[in-house]
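A closer look at the structure
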Amino acid sequence: IPIDRYRNFSIVAHVDHGKSTLSDRLLELTGVIQKGSKAQVLDRLDVERERGITVKAQTCTMLYNHKGEDYLLHLVDTPGHVDFRSEVSRSYASCKGALLLVDASQGVQAQTVANFYLAYSMGLRLIPVINKIDMDAADIPRSLDQIEHMFELDTSDVVKVSAKTGLNVEQVLPAVVEKIAPPSGIVDSRLRLLLVDSWYDNFLGVVCLVYISDGSLKKGQKIFSAHTDISYDVKEVGIMYPIPLKTDIITAGQVGYMVIGMKKSSEAHIGDTFFTVGQAGEPLAGFEEAKPMVFVGAFPADGVEFKVLDESISHLVLNDRSVTLQKETSTALGQGWRLGFLGTLHASVFQERLEKEHGASIIITAPTVPYRILYNDDTEKIISNPDDFPSVENRQKVSVLQEPFVEAIMTFPQEYLGRVIKLCEAHRGEQVEITYLTTGQVLLKYLLPMAQLVDDFFGRLKGLTQGYASLDYEEAGYRPSDLVKMELLVNGKGIDALAQVMHRSETVNKGKVWVSKFKEYLKYQLFEVVIQAKAGNKIMARETIKAKRKDVLAKLHAADISRRKKLLSRQKEGKKSMKSIGNIQIPQEAYQGFLSRA
Ligand code: GDP
Ligand code: MG
């Protein structure tokens, strides 16, 4: 099949609008999978299926006959979440068009808007598809109106389907073939390929999803990365069908996979360009290294072997190229790891995987965003661990403290507008824009500190709007901020693993919550314990746990006064000697309880 009969496309949609269901129908229509086979082939990982999101992009090649001619279609799946925006844009880079999928019962939502703009700005031809027309709550005119007014798309293009029942799904691929341009690569040329995605396969090792921009790729070829300059022998190439299917060659315009003996997923840089060794050329545009934006510490709980956990965490990281991993040591919790993620969802999905595999045997610290510290001598540092925050003594060397901001896009029914604005203001937000949609919905843009998103902003937003709100965001750079490190002190000693950097305005409330929460988990102590929350060098809150007096008198007769006195004084002495040891034992459950999100 010649390149002018290739069509590369993806699906732009808000989560739950039916991307996976529609993909499955298209794969059935083209005979890639059998009807009624395991649902949602393109969402491979369990956690993803449970949460209904696609984290790793899964892609499939299809053969389709349109008006007597065979076409080679590449459906390039994209991660369904904004944390992976730079990866989404690499998927779009391999496409000339996309289906803009809108749930007729919900209308356009935050993610639809954000992904639309990204796809549109990359020059993709968008074909609107209205889904779920089988539902009673479907409002097709409303969706049409939004598509016309918000996206300025021609509504005569719209395909109306039910991905669930299959109604009208057969109209989708003809539209793809007729409206989307073929890829513009040059077949008879030197090899130039784009790395679109990668994952770890237990049998094949690191597998790279690639878009061949020019030339062709076959087994035995020697290629190198424009970014790392490392060269590799091509061991296997093929297409995704929907699992890897070995072929002899993949050529310009195709999306397929290659196995090149990469040892670690971290060698695969999404957006990287590869050339044949000795035939370098112009790298493809748009290479942007994904930076971790959310960090947590992880530590083995009591009685759990570091080595065992280390192996399994390393294995999980092997599977997810975008997680960064470093060893870390805490005085309170011992040896552990510091993990970096692209965003909040990415962090929570990974955390869920860890918890699923290790249950209570792992302690995970509160997430933190990276902070940027500018010094008087013009140097700067990005810190990802509250431990590295400048101490009060070193504060005068610092000229500016900065924290990362995002521009959040939210959509929800108009009646909630007042409450949502209040929420954003309470989270140090700065309003950017309000747009009233035709559907009684509003689209609200706010500049928000990234740290607020990490701190369950979305949960609160959902709560306020009875689940109707949706949220997406884009990074908006660092801004100066009045930051301070808050520590939890137990009898005057700071617990490093619990420290957090935060805005000064939050320290009063957080301080109170911290000390009372920690007290709750440290109930029974043989001697007095003072719990304090300290911000910078200021104590913000304090709780005391009174020594629990063992009831040494319980078995005595009320009349036996002298014996009673003697016992009490003996108990006092005993306590004194323990106190002088001064070192209280904090059970691990206290850390675990304190850090639990509930
Ligand atoms: P994704 O998050 O965009 O991949 O959405 P899914 O394909 O996972 O679909 C989300 C939910 O909507 C699932 O429960 C689907 O069964 C349901 N769904 C998808 N398409 C339709 C449809 O056309 N009609 C109805 N009634 N439900 C649908
Ligand atoms: Mg899905």
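Residues numbered from 1 in each chain as written. Chains lettered and ligands numbered in written order. Predicted model: local features only at pLDDT ≥ 70, side-chain atom pairs only at ≥ 80, totals over all residues. Heavy atoms only, no water.

Per an unreviewed UniProt entry, the chain goes by the name Translation factor GUF1, mitochondrial and belongs to Nadsonia fulvescens var. elongata DSM 6958. We quote the UniProt Catalytic activity (unreviewed entry) comment for the chain here in full: "GTP + H2O = GDP + phosphate + H(+)". (UniProt positions renumbered as here; feature names shortened; annotations may be inferred.)

In this section: the overall build of the chain. Scanning the chain for helices and strands turns up 14 helices and 31 strands. Looking at the chain as a whole, 54% of its 598 residues are labelled buried. Here the analysis covers contacts within the chain between residues at least 6 apart in sequence; of these, 69% occur between residues at least 24 apart. Split by element, the accessible area of the chain, about 27100 Å² in all, is 50% carbon and sulfur. (Helix = DSSP H or I, 4+ residues; strand = E, 2+ residues; numbered from the N terminus. Buried < 20%, exposed > 50% of the residue type's maximum accessible area, 1.4 Å probe, protein only. Contact = heavy atoms within 4.5 Å. Areas by Shrake-Rupley, 256 points an atom, 1.4 Å probe, with all protein chains shown as cover.)

Of all 8 residues in strand β1 (residues 6–13), 8 are buried, a share of seventy percent or more. Side chains Tyr6, Asn8, Ser10 and Val12 project from β1 onto one buried face, and the interleaved Arg7, Phe9, Ile11 and Ala13 project onto a second face that is buried too. Of the pairings in the sheet, the one linking β1 to strand β3 (residues 69–76) comprises 4 bridges and is parallel in character. From the neighbouring strand, Phe9 faces β3, where its bridge partner is Leu75. In this structure, β1 lies alongside strand β4 (residues 97–103), joined through 5 bridges in parallel fashion. Across the sheet, Ser10 pairs through a bridge with Ala98, a residue of β4. (Pairing = 2+ DSSP bridges.)

Bringing the confidence of the model for the chain into the picture now. Averaged over every residue, the pLDDT of the chain is 87; the share at 70 or more is 88%. Below pLDDT 50 for its whole length, residues 47–55 participates in 37 contacts with residues either more than four positions away or in separate chains. In this model, residues 574–582 is a region of pLDDT below 50 whose contacts with residues beyond four sequence positions or in other chains number 5 contacts. Predicted complex, confidence summary: ipTM 0.99, pTM 0.78. (pLDDT = per-residue confidence, 0-100.)

Strand order across the open sheet formed by 8 strands is β11-β10-β16-β7-β8-β15-β12-β13, with antiparallel pairing between neighbours. Only two strands of the sheet have a single partner each, and these edge strands are β11 (231–233) and β13 (244–247). Put simply, the sheet's adjacent strands are angled 40° from each other on average, direction ignored. In this structure, strand β12 (residues 236–240) lies alongside β13, joined through 4 bridges in antiparallel fashion. Within β13, the residue paired with Met240 across the bridge is Pro244. Of the strands in this sheet, β7 (192–201) and β8 (205–214) touch helix α3 (residues 85–93), which is tilted by about 130° from β7. (Axes fitted to C-alpha atoms, helices over the stretch in contact; angles between N-to-C directions.)

Take the site of ligand 1 next. Around ligand 1, 17 residues are found, and the nearest of them are Asp16, Lys19, Ser20, Thr21 and Asp134. At 2.5 Å from an oxygen atom of ligand 1 is found a side-chain nitrogen or oxygen belonging to Thr21. At a separation of 2.7 Å, a nitrogen atom of ligand 1 approaches a polar side-chain atom of Asp134. Across the complex, the protein chains shield 80% of the 580 Å² of accessible surface that ligand 1 would expose by itself. In terms of residue class, the shell around ligand 1 is built from 3 nonpolar, 9 polar and 5 charged. (Near = heavy atom within 4 Å. Polar contact = N/O pair within 3.5 Å; in protein donor to acceptor, adjacent residues only side chain to side chain. Nonpolar A, V, L, I, M, F, W, Y, C, P; charged D, E, K, R; others polar.)

The omega torsion across Tyr241 and Pro242 is -15°, close enough to zero to call that bond cis. Within the fold, Pro242 resides in the loop between β12 and β13. A positive phi angle, close to 65°, is found at Asn168, a residue other than glycine. When you line up the elements, Asn168 lands in the loop between β6 (159–160) and α6 (172–179). A relative accessible area of 21% means that Asn168 is categorised as partly exposed. The phi angle at Gln466 is positive, at roughly 50°, despite the residue not being glycine. Inspection of the secondary structure assignment puts Gln466 in the loop between α11 (457–464) and β26 (470–480). Using a relative accessible area of 61% as the deciding quantity, one classes Gln466 as exposed.

Let us now look at the pattern of salt bridges. Enumeration according to the criterion identifies 20 salt bridges in this entry. Two residues, Arg192 and Asp214, come together in a salt bridge whose shortest N-O distance is 3.0 Å. Of this pair, Arg192 sits in strand β7 while Asp214 is found in strand β8, placing the two residues 22 residues apart along the sequence. Here Asp214 falls in the buried class, since its relative accessible area comes to 8%. (Salt bridge = Lys/Arg side-chain N within 4 Å of Asp/Glu carboxyl O.)

It is worth spelling out the environment of Ala476 at this point. Here Ala476 lies in strand β26. The class for Ala476 is partly exposed, based on a relative accessible area of 34%. For the pair Ala476 and Val406, spaced 70 residues apart in the sequence, the C-alpha separation amounts to 4.6 Å. Setting aside residues up to four positions removed in sequence, Ala476 forms contacts with Phe405, Val406, Glu407 and Leu447.

Residues Leu339, Met410, Phe412 and Phe457 are the most contacted members of the largest nonpolar core, which totals 50 residues. Among the elements that make up this core, the one with the highest residue count is strand β23 (residues 398–413) (6 residues). Excluding anything up to four places from it in sequence, Met410 contacts Ala110, Val420, Cys424, Val442, Leu443, Leu444, Tyr446, Phe457, Leu461, Ser470 and Leu471. (Core = buried A, V, L, I, M, F, W, Y, C linked by side-chain atoms within 4.5 Å.)

Taken N-terminus to C-terminus, the directions of helix α9 (residues 417–426) and α11 make an angle of 160°; their axes are 10 Å apart at the nearest point. In terms of their interaxial angle, α9 and α11 are classed as roughly antiparallel. Crossing angle aside, the handedness with which α9 passes α11 is right-handed. Residues Arg419, Val420, Leu423 and Cys424 of α9 touch α11, and the partners they reach there are Phe457, Arg460, Leu461 and Leu464. A breakdown of the residues in the contact of α9 with α11 according to their chemical character gives 6 nonpolar, no polar and 2 charged. (Parallel < 35°, antiparallel > 145°, perpendicular 65-115°, else oblique. Left-handed = near helix turned anticlockwise from the far one by under 90°.)

Attention now moves to α3. Within α3, 8 of the 9 residues are buried, which leaves it mostly tucked inside the rest of the structure. Listed as buried for α3 are Arg85, Ser86, Glu87, Val88, Ser89, Arg90, Ser91 and Tyr92.

This brings us to the packing of aromatic side chains. Taken as a whole and assessed by the stated rule, the structure comprises 10 aromatic pairs. Their ring planes at 80° and their centres at 5.7 Å tell us that Phe518 and Phe594 sit as a pair that is edge-to-face. With Phe518 in helix α12 (residues 507–520) and Phe594 in helix α14 (residues 588–595), this residue pair connects regions lying 76 residues apart in the sequence. The pair formed by Phe518 and Phe594 is uniform in burial state, with each residue classed as buried. A connected cluster of aromatic rings, assembled from ring pairs, spans Phe116, Tyr117, Tyr120 and Phe151. Its guanidinium or amino end placed over the ring of Phe405, Arg479 lies 5.4 Å from that ring's centre, counting from NZ or CZ. Lying over the aromatic face of Phe594, Lys517 brings its terminal NZ or CZ to 5.9 Å of the ring centre. (Phe/Tyr/Trp six-rings, centres within 6.5 Å; stacked < 30°, edge-to-face > 60°. Lys NZ or Arg CZ within 6 Å of the ring centre and 35° of its normal.)

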